[in-house]
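Structural characterization, general
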Amino acid sequence: MRILVSGSTGFLGTALIEALERDHHEVAGLVRPETAQGKAGGSSKQIVSWDPVSGKFDAAAAEGADALIHLAGASIAGGRWNAARKNLLRTSRIDATRHLIGALSKLQRPPRVIVGASAIGYYGSRGDEILTETSAPGNDFLSGACREWEAETARGTEFGARVVSLRFGIILAAHGGALPQMMMPIKMGVGGRLGTGRQWMSWLALEEAVRIIQFALAKNELAGPVNTVTPNPVQNAEFTRVLARALHRPALFPAPAFALRLALGEMADALLLVSQKVAPAKLVSSGYNFLHAELEDVLKLALRKNPSSSAGK
């Protein structure tokens, strides 16, 4: 297949492109015009110039693509959530997706498959409730952003594309994403559970995330929202214990909820204290076989692949 990838230089996009090219797909990264002379990510040499702010798009370079994998969006943990940051989180997802899907709709032959990123933030904080793809959305900032993001991606059905919105949980790898920040206080000997520690964390390994994207590309019966997590969510206290054990460090110093809110504001509730017990119902019913379903195995493997990340133990 010829596949367009947005967010191609990011944590997930880089790993994805490497996997797609190993499978002999032809990959073109969507990159801003000012970086169009460089690589798009992985070993990809093809690029398609796209400016998600202005909406400028190199339609000629995109023509003939079979699929789009749309991962672009500013990091939700990239800064305190003031008004400007929240606006960036929305525009980098919702407005950018609207521009991109609109541009693709004008191609002579638009992609027949669109696999777009979303997040389990769609559900909001739901305590011990088991959340499947049919569960109602939440009512906080991230929930609203995810709803609109998925709606813009779904506009690809208007030109006949099969659209899949992957609601990603926490993607775990020692070299990027959330895990290095989670490891830091534990490695320093000052880590512990967050708040009560009873909040559910739904997760998957980076390698699993890549495999699920590939599965979504190939599985013609799969469409709509798909919970992209393992079948084994854990509560924060258990996650902390398993991570500390993998790092051979103690985890004796819990972080009170009030202190997290004081330090991080709204972001503390949305990212650290939120409880989301998410089930990958569609993946299981579609026949997907999980490669890494046990948290302890995933963390040990991640640290073996990146031994420097456990330095100081």
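About the criteria used
Within any chain, residue numbers begin from 1 and follow the written order of that chain's sequence. Local features in this predicted model are restricted to residues of pLDDT 70 or higher, and side-chain atom pairs are both shown and tallied only at a pLDDT of 80 or more, whereas totals for entire chains, interfaces and linings draw on every residue. To get the side-chain values, take all heavy atoms of the structure and skip hydrogens and water. Whether two strands pair depends on DSSP finding at least two bridges between them. Counting from the N terminus, the helices are the DSSP runs of H or I reaching at least four residues and the strands are the DSSP runs of E reaching at least two. To get an axis, a line is fitted to the C-alpha atoms, and for a helix only the part in contact is used. The angle between two axes follows their N-to-C directions and goes from 0 to 180 degrees. It only takes one pair of heavy atoms within 4.5 Å for two residues to be counted as in contact. Relative accessibility under 20% of the residue-type maximum defines a buried residue, over 50% an exposed one, and the middle range a partly exposed one, all with a 1.4 Å probe and only protein chains included. By convention, orient the strands away from the viewer: a clockwise path from the first strand over the helix to the second makes the crossover right-handed. What we call a nonpolar core is a set of buried Ala, Val, Leu, Ile, Met, Phe, Trp, Tyr and Cys residues that are connected through their side-chain atoms within 4.5 Å. Take the residue count of a helix, subtract one, and multiply by 1.5 Å to get its expected span. Within this document, salt bridges are pairs made up of a side-chain nitrogen of Lys or Arg and a carboxyl oxygen of Asp or Glu, the two lying within 4 Å of each other. Polar contacts here mean pairs of N or O atoms no more than 3.5 Å apart (in protein, one a potential hydrogen donor and the other a potential acceptor; neighbouring residues in sequence count only if both atoms are side-chain atoms). Each angle is binned into one of four classes, with values under 35 degrees roughly parallel, values over 145 roughly antiparallel, values of 65 to 115 roughly perpendicular, and all other values oblique. Handedness of a crossing follows from how the near helix is turned relative to the far one, being left-handed for an anticlockwise turn of less than a right angle and right-handed for a clockwise one. The residue classification treats Ala, Val, Leu, Ile, Met, Phe, Trp, Tyr, Cys and Pro as nonpolar and Asp, Glu, Lys and Arg as charged. All others, Gly included, are polar.

What follows concerns the sheet that holds strand β5 (residues 113-119). Spatially, β3-β2-β1-β4-β5-β7-β12 is the arrangement adopted by the seven strands of the open sheet, whose pairing is parallel. In the strand order of this sheet, the two ends are held by β3 (46-49) and β12 (224-228), each with one partner. Pairs of neighbouring strands in the sheet enclose a mean axial angle of 25°, with direction left out of account. Pairing of strand β2 (residues 26-31) with β3, which is carried by four bridges, proceeds in the parallel orientation. If you follow Gly29 over to β3, its bridge partner there is Ile47. Sheet contacts for helix α1 (residues 11-22): β1 (2-6), β2, β4 (67-70) and β7 (162-168); angle to β1, the most-contacted strand, approximately 170°. Together, β1, β4, β5, β7 and β12 form the strand contacts of helix α6 (residues 206-218), whose direction differs from that of β7 by roughly 160°.

Turning our attention to the pairing of β2. With five of six residues buried, β2 is to be regarded as a mostly interior element. Examined bridge by bridge, β1 and β2 share four bridges and lie parallel to one another. Its bridge partner lying in β2, Leu4 is registered against Ala28. In this region the chain leaves β1, passes through α1 and returns to the parallel neighbour β2; the handedness of that crossover is right-handed.

Next up on the list: the nonpolar core. Within the largest apolar cluster, 36 residues are counted, with the highest numbers of intra-cluster contacts made by Leu12, Ile69, Val115, Leu166 and Ile213. Of all the secondary-structure elements, those providing two or more residues to this core are β1, α1, β4, β5, β7, β8 (170-173) and α6. Ranked by residue count, the leading element in this core is α6, at eight residues. Apart from the residues lying within four places of it in its own chain, the contact partners of Ile213 are Leu12, Leu16, Ile69, Leu71, Val115, Leu166 and Phe168.

Taking 1.5 Å per residue as the helical rise, α1 with its twelve residues ought to reach 16 Å, and the 18 Å between its terminal C-alpha atoms agrees with that figure. Looking at α1, one finds that the buried residues are Leu12, Gly13, Ala15, Leu16, Ile17, Ala19 and Leu20. Where the residues of α1 are buried, they touch β1, β2, β4, β7, β8 and α6. Looking one or two places after α1, you find His24, whose phi comes out positive at around 70°.

It is worth spelling out the pattern of salt bridges at this point. All told, the structure shown has 16 salt bridges when counted by the stated rule. Here Arg32 and Asp51 are joined by a salt bridge, their closest N and O atoms 3.5 Å apart. Of the two residues, Arg32 is situated in the loop between β2 and β3 and Asp51 in the loop between β3 and α2 (59-62); the sequence distance between them amounts to 19 residues. Within the structure, one salt-bridge network assembled from shared partners comprises Asp95, Arg98, Glu152 and Arg155.

Its place among the elements puts Asn227 in strand β12. Residue classification places Asn227 among the buried residues on the basis of a relative accessible area of 0%. Looking at Asn227, its side chain comes within polar contact range of the main-chain oxygen of Leu131, at 3.4 Å. With residues up to four places along the chain from it excluded, the contact list for Asn227 reads Tyr123, Leu131, Thr132, Glu133, Arg167, Val278, Ala279, Pro280 and Leu283.

This paragraph deals with the packing of α1 against α6. In the contact formed by α1 and α6, the axes pass within 10 Å of each other and the chain directions differ by 60°. Here α6 runs oblique to α1, going by the angle between their axes. Here the hand of the crossing between α1 and α6 comes out right-handed. When α1 is examined against α6, the residues Phe11, Leu12, Ala15, Leu16, Ala19 and Leu20 are found in contact with a partner set consisting of Leu206, Ala209, Val210, Ile213, Gln214 and Leu217. Of the residues in the contact of α1 with α6, the class split is eleven nonpolar, one polar and no charged.

Attention now moves to the pairing of β7. Of all the seven residues making up β7, seven are buried; the element is thus mostly covered by neighbouring parts of the structure. The side-chain alternation of β7 yields two buried faces, one formed by Arg162, Val164, Leu166 and Phe168 and the other by Val163, Ser165 and Arg167. Pairing of β5 with β7 involves seven bridges; the strand directions are parallel. Note on β7: the bridge partner recorded for Val113 is Arg162. Across five bridges, β7 lies against β12 in parallel orientation. Residue Ser165 lies in a different strand from β12, and its bridge partner there is Pro225.

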